[in-house]
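Residue-level listing of the chains:
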Amino acid sequence: MVFSLGLTGSIGMGKSTTAALFKEAGCAVWDADAAVHALYAKGGAAVGPIGNAFPEVTAAGFVDRDILKELISLNKSVLKVLEDIVHPLVQADRQRFRTTAEADILVFDIPLLFETGSQAEMDAVACVFVSPETQRQRVLARGTMTEPQFEQILAKQMPIEEKLARSDFRIETDTMEHARAQVTAVVEDIKRRMAHA
Ligand SMILES: CC(C)(COP(=O)(O)OP(=O)(O)OC[C@H]1O[C@@H](n2cnc3c(N)ncnc32)[C@H](O)[C@@H]1O)[C@@H](O)C(=O)NCCC(=O)NCCS
Ligand SMILES: Nc1ncnc2c1ncn2[C@@H]1O[C@H](COP(=O)(O)OP(=O)(O)OP(=O)(O)O)[C@@H](O)[C@H]1O
């Protein structure tokens, strides 16, 4: 039996860092944001269709995220058009991973897991969380988004309380030690479930 665990949480709450802890614990990890990065790179499958919709974004032969973020903040409809192009390509990449991954536990790091209904494909869901103040500080400290860009993305996501209420496991990402201990406990719980399945 292969167990599929969805890993989600709000922007900057620690999905990627926690996914790395699951990898350390022997799980195979698929990362939606990383899949988008590959699709946007030179030769990536999203470059052509995004260029057709927004030519200035792909003038350099890849998807320029800074130009894209600028367009998104200028016009609310841009993100929707973008999602309609990108999400089916991301979904196809995820299916490829499912058929090739070699591990008993597959972890799917998906920021928009509930927003896109992808929880239906999972055996269980883990949601990472941290206080809104820490979240804001961490995202703005990265220096890749302005405060209005952060607010705009945040507003598009399901509130974290709702994500937590719909999840089987909650992982607080206040410190690395705490997060690692919780990941170990989740993996042990899943292994017990698999042994009794
Ligand atoms: C908005 C973009 C340009 C921001 O790029 P940037 O390099 O600054 O950030 P990155 O891609 O690492 O995403 C950071 C976080 O933003 C949030 N986020 C990204 N896209 C979306 C979205 N469409 N709706 C809500 N939140 C989003 C997620 O929490 C994500 O983890 C980029 O995320 C993008 O092109 N998004 C559209 C594709 C998409 O929906 N991706 C989400 C995973 S499938
Ligand atoms: N358990 C933790 N303890 C301390 N800092 C953490 C922990 N988890 C994450 N962080 C820090 O929080 C920031 C955001 O983490 P990360 O990039 O993993 O979040 P994310 O949810 O994947 O972000 P995004 O939604 O933007 O893709 C990083 O600076 C990271 O070092």
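Residues numbered from 1 in each chain as written. Chains lettered and ligands numbered in written order. Predicted model: local features only at pLDDT ≥ 70, side-chain atom pairs only at ≥ 80, totals over all residues. Heavy atoms only, no water.

**Q** Got a minute to help me understand the packing of helix H1 (residues 15–24) against helix H9 (residues 176–195) in this structure?
**A** How two helices pack is summed up by the angle between their axes together with the distance between the axes. Between H1 and H9, the shortest axis-to-axis distance is 10 Å and the interhelical angle comes to 50 degrees. Of the possible angle classes, the one that applies to H1 and H9 is oblique. Every pair of crossing elements has a handedness; the one defined by H1 and H9 is right-handed. Residues Thr17, Thr18, Leu21, Phe22 and Glu24 of H1 form the contact with H9, whose own contacting residues are Met176, Ala179, Arg180, Val183, Val186 and Val187. The class makeup of the residues in the contact of H1 with H9 is seven nonpolar, two polar and two charged. (Axes fitted to C-alpha atoms, helices over the stretch in contact; angles between N-to-C directions. Helix = DSSP H or I, 4+ residues; strand = E, 2+ residues; numbered from the N terminus. Parallel < 35°, antiparallel > 145°, perpendicular 65-115°, else oblique. Left-handed = near helix turned anticlockwise from the far one by under 90°. Contact = heavy atoms within 4.5 Å. Nonpolar A, V, L, I, M, F, W, Y, C, P; charged D, E, K, R; others polar.)

**Q** Mind showing me how you'd approach the site of ligand 1 here?
**A** Near ligand 1, the surroundings consist of 19 residues, among which Asp33, Tyr40, Arg65, Lys69 and Glu83 are the closest. Residue Tyr40 places a side-chain N or O atom 2.5 Å away from an oxygen atom belonging to ligand 1. Glu83 has a polar side-chain atom sitting 2.5 Å from a nitrogen atom of ligand 1. Taken atom by atom, the bulk of ligand 1 overlaps the largest pocket. For the shell around ligand 1, the secondary-structure elements that each account for two or more residues are helix H2 (32–40), helix H4 (65–74), helix H5 (77–100) and helix H7 (147–156). In terms of residue class, the shell around ligand 1 is built from 11 nonpolar, two polar and six charged. Here the shell around ligand 1 spans two domains, since at least three of its residues come from each of domain 1 (1–27 + 104–197) and domain 2 (35–102). (Near = heavy atom within 4 Å. Polar contact = N/O pair within 3.5 Å; in protein donor to acceptor, adjacent residues only side chain to side chain. 1 Å grid on protein atoms, 1.4 Å probe; cavity = no way out; pocket = protein on both sides within 12 Å on 5 of 7 lines; lining within 4 Å. Sits in = over half its atoms within 2 Å of the grid points. Domains from an automatic or database assignment.)

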